[in-house]
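# Topology and contacts: notes
In case you want the letters, here they are:
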Amino acid sequence: MPSFPAPLASRLPAVGTTIFTVMSRLAQECGAINLSQGFPDFNAEDVLFERVAHWMRTGHNQYAPMAGCLALRVAIAAKVETLYGTAYDEESEITVTAGATQALFTAVTACVHPGDEVIVFEPVYDSYVPAIELAGGTPVRLQLSAPDYRPDWEAVAAAITPRTRMIMINTPHNPTATIWTRADLDRLAALTRGTGIIVVADEVYEHIVFDGASHASCAAHPELAARSFVVSSFGKTYHITGWKVGYVLAPRELMAEFRKVHQFNVFTVNTPVQLALADYMADAGRHTGLAAFYQAKRNYFRAALANSRFDLLPAHGTYFQLARYERISALGDTAFCEHLTRKVGVAAIPVSAFFADGRDERVIRFCFAKNETTLAAACERLNAI
């Protein structure tokens, strides 16, 4: 086995293997039901696969335009204008990306300079901070607390300095399943007014909002739309996380900078998949019906655990459910998740993994984007604790 023959200074010395990989691997080793990593265990509709095959067979297998296939960008623009009332230009303000993670990384890389500060909200999705650090920026962490995980706007105001270059937000929020409101966006707009602060809005769960609530998108807020990268994910919307296709919206000035990086870290995205997605988007019910689809799964999962010793926190969006386990164990959340996986046969994610300091509120995250048979089997095991 080859071995590198010199000392190697890591650009990310504090980063190890992501908790999602760790828990999914442990679930596989133990034969546990995997409610940890956020992916469905069911397929998209066959028609989507058929459209991919159609475009492959008809010869669309070479590079797509750098910004994405025009048909898909046109479809995205139409969807966004219908839902949020904002017209993004498909030529200069929409880019198709290799998943949302690439969109987030590219936005940070394109706009953050060494010494800049970037505000993030913890618990924070694990890709944000490494992107900031690789760009030479300094993450400024503001903690959200259980059970409601609401932003403290006085703390946000206090955290903004002349060095603040960017604020990264995530709504609906992973892992907490909370959603921001229009009032939250108004507060963010007021705090950034008159500044050059850029907002990166991770809205990959935009279509998964429950109980009649509406998604508060930065794309629908004219003041924020003018300073925001808005990121979404076809993987989350159409149950195809392994395809790794997403997109980003931004005013042309920001998008020009984004594309300078995008053309060199990805260049372009899978052509036949893009064309198939453009076809698939013609039926708007496939995304507008997603909230009801996942709300039924949320309700099933919560009802199935209603008599367990877990205390379920509110779940307003995403396909995640947080739970406290204080009535079950005094273990820390990482140790408890390992115990659940090894001894109970159900894998979950410890929420402390989303805090830089490992803050442990004895809260774990389950993913309910699963078939009912999977959820029923998992809940049978969880109820037995």
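Residues numbered from 1 in each chain as written. Predicted model: local features only at pLDDT ≥ 70, side-chain atom pairs only at ≥ 80, totals over all residues. Heavy atoms only, no water.

## Side note on the overall build of the protein
Rule in force here: Segments assigned H or I by DSSP are reported as helices when at least four residues long, segments assigned E as strands when at least two residues long, and all are numbered from the N terminus. Every radius of gyration here is taken over C-alpha atoms, with the globule rule written as 2.2 Å times N^0.38, N being the number of residues. Between buried and exposed lies partly exposed: a residue is buried under 20% and exposed over 50% of the maximum accessible area for its type, with that area taken using a 1.4 Å probe on protein chains only. In this analysis, two residues are considered to be in contact whenever any of their non-hydrogen atoms come within 4.5 Å of each other. Using a 1.4 Å probe, accessible areas were evaluated by the Shrake-Rupley method; residue-level cover was limited to the displayed protein chains. Positive charges come from Lys and Arg alone, negative charges from Asp and Glu alone, with His and the N- and C-terminal ends not counted. Lysine's charge is taken at NZ, arginine's at CZ, aspartate's at CG and glutamate's at CD.
When helices and strands are tallied, the protein shows 15 helices and 13 strands. Against the compact-globule benchmark of 21 Å for 385 residues, the protein has a radius of gyration of 21 Å, which places it among compact chains. Summarising its shape, the C-alpha atoms of the protein cover approximately 55 × 55 × 50 Å along the three principal directions. With 385 residues in all, the protein has 55% of them scored as buried. For the protein, the share of sequence-separated contacts (at least 6 apart) that also reach a separation of at least 24 residues comes to 75%. For the protein, the exposed surface amounts to about 16100 Å²; the carbon and sulfur share of it is 53%. Here the protein holds 33 positive side-chain charges and 38 negative ones, and the gap between their average locations is 3 Å.

## Here we look at the sheet that holds strand S3 (residues 117–122)
Hydrogen bonds along the backbone pair up the strands of a sheet, which may run parallel or antiparallel. Where we set the bar: DSSP calls a pair of strands paired once it identifies at least 2 bridges connecting them. Whenever a helix is involved, its axis is fitted only over the stretch in contact; in every case the axis is a line through C-alpha atoms, and angles between N-to-C directions fall within 0 to 180 degrees.
Read from one edge to the other, the open sheet built from seven strands follows the order S2-S8-S7-S6-S5-S3-S4, with strand pairing classed as mixed. Of all the strands in the sheet, the pair left with one neighbour each is strand S2 (94–97) and strand S4 (138–143). Pairs of neighbouring strands in the sheet enclose a mean axial angle of 20°, with direction left out of account.

## Re the sheet that holds strand S9 (residues 311–312)
Here we have four strands laid out as an open sheet, ordered S9-S10-S13-S12, and antiparallel in their pairing. Looking along the sheet, the strands with just one partner apiece sit at the ends: S9 and strand S12 (349–350). Two elements, strand S10 (residues 320–324) and strand S13 (residues 363–367), share five bridges in a ladder whose sense is antiparallel. Counterpart to Arg 324 in the pairing with S13 is Val 363. Docked against the sheet, helix H14 (residues 333–344) engages S12 and S13, running at close to 40° with respect to S13.

## As for the pattern of salt bridges
Any two side chains of opposite charge can pair if their charged atoms end up close together. Cut-off, in case you're wondering: The term salt bridge refers to a pairing of a side-chain nitrogen on Lys or Arg with a carboxyl oxygen on Asp or Glu at a separation within 4 Å.
Using the criterion set out here, one finds 18 salt bridges in the structure. Its salt-bridge partner being Glu 117, residue Arg 163 comes within 3.9 Å of it at the nearest N-O pair. Taken together, the positions of Arg 163 in the loop between helix H6 (153–159) and strand S5 (164–170) and Glu 117 in strand S3 put the pair 46 residues apart, joining distant regions of the chain. According to the relative accessible area criterion, Glu 117 is buried, its value standing at 13%. Notably, a salt bridge pairs Arg 298 with Asp 211, separated by 2.9 Å at the nearest N-O pair. Taken as a pair, Arg 298 in helix H13 (residues 290–304) and Asp 211 in the loop between strand S6 (198–202) and helix H8 (222–225) lie far apart in primary sequence, 87 residues in all. When its relative accessible area of 7% is taken as the criterion, Arg 298 is described as buried. Here the residues in one salt-bridge network are Glu 45, Asp 283 and Arg 286, joined through shared partners.

## Re the side chain of His 173
Inclusion rule: Any pair of nitrogen or oxygen atoms within 3.5 Å is treated as a polar contact; in protein, a donor-acceptor pairing is required on top of that, and neighbouring residues in sequence qualify only through side-chain atoms on both sides.
By secondary structure assignment, the location of His 173 is in the loop between S5 and helix H7 (182–192). Residue His 173 is classed as buried on the basis of its relative accessible area, which comes to 5%. Here the side chain of His 173 touches Pro 123 through a polar contact of 3.0 Å, landing on its backbone oxygen. Here the side chain of His 173 touches Thr 176 through a polar contact of 2.7 Å, side chain to side chain. Excluding its chain neighbours within four sequence positions, the residues that come into contact with His 173 are Phe 121, Pro 123, Thr 178 and Thr 318.

## Brief notes about the packing of aromatic side chains
Applied cut-off: Pairing of aromatic rings covers Phe, Tyr and the six-membered ring of Trp, with a centre-to-centre limit of 6.5 Å; geometry is then stacked below 30 degrees between planes, edge-to-face above 60, and tilted otherwise.
In total, this model carries 23 aromatic pairs according to the counting rule given. With centroids separated by 4.9 Å and ring planes inclined at 90°, the aromatic side chains of Tyr 238 and Tyr 280 adopt a geometry described as edge-to-face. Taken together, the positions of Tyr 238 in helix H9 (residues 234–238) and Tyr 280 in helix H11 (residues 271–280) put the pair 42 residues apart, joining distant regions of the chain. For the pair Tyr 238 and Tyr 280, a shared accessibility class is recorded, and that class is buried. A centroid spacing of 5.2 Å and a plane angle of 55° characterise the contact between Tyr 294 and Tyr 319, whose relative ring orientation is tilted. One end of the pair, Tyr 294, is in helix H13; the other, Tyr 319, is in the loop between S9 and S10, and 25 residues separate them in sequence.

## Some thoughts on helix H2 (residues 46–57)
Our working rule: To estimate the expected span of a helix, count its residues, drop one, and scale the result by 1.5 Å. Read the arc as the range of directions from the helix axis to the C-beta atoms.
A rise of 1.5 Å per residue sets the reference length of H2, with its twelve residues, at 16 Å; its end C-alpha atoms lie 16 Å apart and thus fit the reference within 8%. All buried positions along H2 are accounted for by Leu 48, Val 52, Ala 53 and Trp 55. One face of H2 carries all of its buried residues, which in axial projection span an arc of 165°. Exposed residues lying more than 90 degrees from the buried face of H2 are Asp 46 and Arg 57. Buried residues along H2 sit in contact with H11. Residue Gly 59 follows H2 closely and has a positive phi angle near 95°.

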